[in-house]
Amino acid sequence: MYTQKGKKYVYSVIQANEFIQRGYRCLETGFNSKQRKYYWVFDYNEVQPYYETSDRYANR
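Below is a short write-up of the structure. Keep in mind it's a predicted model, so treat the numbers as computed, not measured.

**Considerations on the overall build of the protein**
The number of helices and strands found in the protein is two helices and three strands. Reading the secondary structure of the protein in the N-to-C direction produces β-α-β-β-α. Within the protein, the fraction of its 60 residues that count as buried is 23%. Across the protein, every contact between residues at least 6 apart in sequence was considered, and the portion connecting residues at least 24 apart equals 56%. Accessible surface, the protein as shown: approximately 4,800 Å² in total, 48% of it carbon and sulfur.

**Remarks on the packing of aromatic side chains**
Summed over the entire model, instances satisfying the criterion amount to eight aromatic pairs. Note on Phe19 and Tyr24: the rings are 5.6 Å apart at their centroids and 85° apart in plane angle, and the pair reads as edge-to-face. Here the aromatic residues Phe19, Tyr24, Phe42, Tyr50 and Tyr51 are joined through ring pairs into a cluster of three or more.

**Focus: the sheet that holds strand β3 (residues 37–43)**
In spatial order, the strands read β1-β3-β2; together these three strands make up an open sheet with antiparallel pairing. What marks the edges here is a single partner per strand, and that holds for β1 (7–10) and β2 (26–32). When strand polarity is set aside, the average angle formed by the axes of neighbouring strands in this sheet is 25°. In terms of strand pairing, β2 meets β3 through six bridges, oriented antiparallel. Bridge pairing links Phe31 to Tyr38 in β3. Against the sheet, helix α1 (residues 13–21) makes contact with β1 and β3, and its axis sits at roughly 30° relative to β3, the strand it touches most. In the packing of helix α2 (residues 44–52) onto the sheet, contacts are made with β1 and β3, and the angle to β3 comes to roughly 95°.

Rules behind the numbers
Residues numbered from 1 in each chain as written. Predicted model: local features only at pLDDT ≥ 70, side-chain atom pairs only at ≥ 80, totals over all residues. Heavy atoms only, no water. Helix = DSSP H or I, 4+ residues; strand = E, 2+ residues; numbered from the N terminus. Buried < 20%, exposed > 50% of the residue type's maximum accessible area, 1.4 Å probe, protein only. Contact = heavy atoms within 4.5 Å. Areas by Shrake-Rupley, 256 points an atom, 1.4 Å probe, with all protein chains shown as cover. Phe/Tyr/Trp six-rings, centres within 6.5 Å; stacked < 30°, edge-to-face > 60°. Pairing = 2+ DSSP bridges. Axes fitted to C-alpha atoms, helices over the stretch in contact; angles between N-to-C directions.

The values are spatial; any link to function lies outside them.
Here it is as structure tokens:
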């Protein structure tokens, strides 16, 4: 059975690339036909350190 629990869906190519460059593993990719957008899926708990620090603002 497929579940969304524990997953972080990212619709931004820029953010997905940043996650991958920081070493976070992409679990899957897909296409949302309603929104007509591609998405990348990451483990929710794995990417939390990104949101808990101000490091994400350093590259902007």
